[in-house]
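Chain by chain, the residues run as shown.
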Amino acid sequence: MFKTHVKMHVLAFSGPDGTGKTSCANILSRILSSRNYSVFRTWVKTTHGIAFLIVRLLEKINSKHVIRSSSGTFVTNTLAKNTNIWLWIELSGILMKTLIMKINLILRKLVTGKPTIAIADRFLLDTIVHMFISKILLNQEDPLPHRILILLNHPVFKILRSILLKFSFTIYLDGEITELIKRNMRAGKADPYWYMALQKYLYRVSVRTLNIHNSHIDTSKKSLTEVCTEVLTRLKREGAIKYW
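Within each chain, residue numbers correspond to sequence positions counted from 1 in written order. Totals for whole chains, interfaces and linings use all residues, but because this is a predicted model, local features are given only for residues with pLDDT of at least 70 and pairs of side-chain atoms are given and counted only at 80 or more. Side-chain measures were taken over the full set of non-hydrogen atoms in the model, leaving aside hydrogen atoms and water.

Engineer: Whenever I open this one, the overall build of the protein chain confuses me. Can you help?
Structural biologist: What counts as a helix is a DSSP run of H or I of at least four residues, what counts as a strand is a run of E of at least two, and both are numbered from the N terminus. What the protein chain contains, in helices and strands, is nine helices and seven strands. It is over C-alpha atoms that the radius of gyration is taken, and the globule rule equals 2.2 Å times the number of residues to the power 0.38. Taking 244 residues into account, the globule formula puts the C-alpha radius of gyration at 18 Å, and the protein chain, at 18 Å, falls close to it. Should any heavy atoms of two residues lie within 4.5 Å, those residues are counted as being in contact. Relative to all contacts within the protein chain whose residues are 6 or more apart in sequence, the contacts with residues 24 or more apart total 79%. Counting only carbon and sulfur atoms, one obtains 59% of the accessible surface of the protein chain, whose full area is about 11700 Å². Separation of charge centres in the protein chain, based on 36 positive and 15 negative side chains, amounts to 8 Å. Method for areas: the Shrake-Rupley scheme with a 1.4 Å probe, in which residue coverage is limited to the protein chains shown. By the counting scheme adopted, Arg and Lys are positive, Glu and Asp are negative, and His together with the chain ends is not counted. All charge positions are set by atom: Lys at NZ, Arg at CZ, Asp at CG, Glu at CD.

See the structure below:
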């Protein structure tokens with residue numbers, strides 16, 4: 001938990017698949033809209049802009065160039081083997097999307113005169129984790145902690161962390177792997193246990209190692225209503241809402 005002393009532009013829901021990020025973001029959007037906020041819904045993960053076009057092109061050339069999880073989510077591609085090139089390509093698309101989001105918020109405030117906020121069901125913490133995954137799956141030789149340490153020292157991740165801490169309030173939704181898999185199965189998009197375990201591990205390591213301020217909520221035994229109520233309570237208690 002943390003006290004925020006800067007104006008936040010993004011309320012970011014982050015965490016493994018199945019924790020309720022999108023559902024919570026939708027509910028909070030309706031609540032804040034009813035309280036006279038101008039709400040902009042968005043999400044940021046990976047393969048935006050030119051990175052998206054490259055992945056599509058690689059997939060058309062040969063589907064083996066792109067690896068997807070069993071739920072169909074993009075995971076990695078052969079170009080990602082070159083750490084420097086691919087990470088910078090990814091960053092360019094992410095920076096463009098966050099710039100567009102910022103411009104959208106400014107214009108909304110000018111037009112409506114209302115306090116504005118972007119609510120994201122995925123944001124830069126999710127970007128960091130899934131960029132980790134895209135690199136880790138292409139390098140099975142080195143021990144996992146060593147691979148993560150190398151990536152953490154890359155300037156792209158330092159830039160992402162800086163933006164994340166400056167512009168967002170991160171709600172880190174978590175849960176037990178078996179419960180998350182059940183939820184994903186009900187939604188028809190379940191990934192295997194090892195992939196969910198890798199996600200969960202990387203979120204935990206990223207938050208701790210990069211010292212990413214967040215409000216952590218375990219959703220395993222909570223209903224959606226309970227989770228959203230807890231989110232609102234924490235936002236008020238931490239003084240985040242008063243800035244919006």
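Engineer: Is there a simple way to think about the packing of aromatic side chains in this case?
Structural biologist: The relation between two aromatic rings is expressed through the spacing of the ring centres and the mutual angle of the planes. Pairing of aromatic rings covers Phe, Tyr and Trp, the last counted by its six-membered ring, and requires centre-to-centre distances within 6.5 Å; plane angles under 30 degrees mean stacked, over 60 mean edge-to-face, and any other angle means tilted. Inspection of the entire model under this criterion finds three aromatic pairs. An angle of 25 degrees between the planes, with centres 4.8 Å apart, marks the rings of Phe-132 and Phe-157 as stacked. Of this pair, Phe-132 sits in helix α4 (residues 124-136) while Phe-157 is found in helix α6 (residues 155-167), placing the two residues 25 residues apart along the sequence. Residue exposure (1.4 Å probe, protein chains only): buried if accessible area is under 20% of the type maximum, exposed if over 50%, otherwise partly exposed. Of the residues examined, Phe-132 reaches a relative accessible area of 0% and is grouped as buried. The interplanar angle of 80 degrees and the centroid separation of 5.7 Å between the aromatic rings of Trp-194 and Tyr-195 together place this pair among those described as edge-to-face. With relative accessibility at 52%, the residue Trp-194 sits in the exposed group.

Engineer: When you look at unusual backbone geometry in this model, what are you seeing that I'm missing?
Structural biologist: For residues that are not glycine, phi is negative in most cases, and the peptide bond is trans in most cases. Here the phi dihedral of Asn-36 falls at roughly 75 degrees; this positive angle occurs in a residue that is not glycine. As for its placement among the helices and strands, Asn-36 is situated in the loop between α1 (21-34) and β2 (38-42). Even without being a glycine, Thr-47 presents a positive backbone phi close to 50 degrees. We classify Thr-47 as buried; its relative accessible area is 14%.

Engineer: What should I look at first to understand the nonpolar core in this one?
Structural biologist: Across soluble globular proteins, nonpolar side chains show a tendency to be buried alongside one another. As used here, the term nonpolar core means buried Ala, Val, Leu, Ile, Met, Phe, Trp, Tyr and Cys residues forming a set that is joined through side-chain atoms within 4.5 Å. Within the largest apolar cluster, 38 residues are counted, with the highest numbers of intra-cluster contacts made by Phe-123, Leu-124, Phe-132, Leu-160 and Leu-202. Looking at this core, the elements with two or more residues in it are β1 (10-14), α3 (83-112), β5 (116-120), α4, α5 (144-152), α6 and α8 (193-209). Counting residues per element, this core draws most heavily on α4, which supplies eight residues. Each residue touching Leu-202, except ones within four places of it in the same chain, is listed here: Val-129, Phe-132, Ile-133, Ile-136 and Ile-148. Core analysis: the second largest hydrophobic core is formed by 20 residues, Phe-13, Ala-25, Ile-119 and Val-227 among them.

Engineer: I keep staring at α6 and nothing clicks. Help me out?
Structural biologist: Taking 1.5 Å as the rise per residue, α6 with 13 residues should run 18 Å; its terminal C-alpha atoms sit 19 Å apart, in good agreement. All of the buried residues along α6 are Val-156, Phe-157, Leu-160, Ile-163 and Leu-164. Burial along α6 is one-sided: seen end-on, the buried residues are contained in an arc of 125 degrees. Seen from the open side of α6, the exposed residues pointing more than 90 degrees away from its buried face are Lys-158 and Lys-166. For a helix, the expected span equals 1.5 Å multiplied by the number of residues minus one. By construction, the arc corresponds to the directions joining the helix axis to the C-beta atoms.

Engineer: Is there a simple way to explain the pairing of strand β6 (residues 168-174) in this structure?
Structural biologist: The two faces of a sheet get side chains in turn, since along a regular strand they alternate between them. Within β6, seven of the seven residues are buried, which leaves the element mostly enclosed by the surrounding structure. Across the two faces of β6 the burial is the same, with Ser-168, Thr-170, Tyr-172 and Asp-174 and Phe-169, Ile-171 and Leu-173 all buried. By definition, two strands form a pair when at least two bridges between them are found by DSSP. Pairing between β1 and β6: five bridges, direction parallel. Paired with Ala-12 across the two strands is Thr-170, which belongs to β6.

Engineer: Sorry if this is basic, but what is going on with the environment of Met-131 here?
Structural biologist: Mapped onto the secondary structure, Met-131 falls in helix α4. Relative accessible area serves as the criterion here: at 1%, Met-131 is assigned to the buried category. In this view, Met-131 contacts Thr-46, Leu-87, Glu-90, Ile-94, Val-156, Phe-157 and Leu-160; residues no more than four positions away in its chain are not counted.

Engineer: What am I meant to see in the sheet that holds β1 here?
Structural biologist: Backbone hydrogen bonds are what pair the strands of a sheet, in a parallel or an antiparallel way. Ordered by their spatial adjacency, five strands build an open sheet running β2-β5-β1-β6-β7, and the pairing between neighbours is parallel. The open sheet has two edge strands, β2 and β7 (215-218), and neither has a second partner. The mean angle between the axes of side-by-side strands here comes to 20 degrees, regardless of whether they run parallel or antiparallel. Across four bridges, the pairing between β6 and β7 is parallel. Counted as the bridge partner of Tyr-172 is His-216 from β7. Note on geometry: axes are C-alpha line fits, over the in-contact stretch for helices, and angles between N-to-C directions span 0 to 180 degrees. Strands β1 and β6 of the sheet are contacted by α6, whose axis makes an angle of about 105 degrees with β6.

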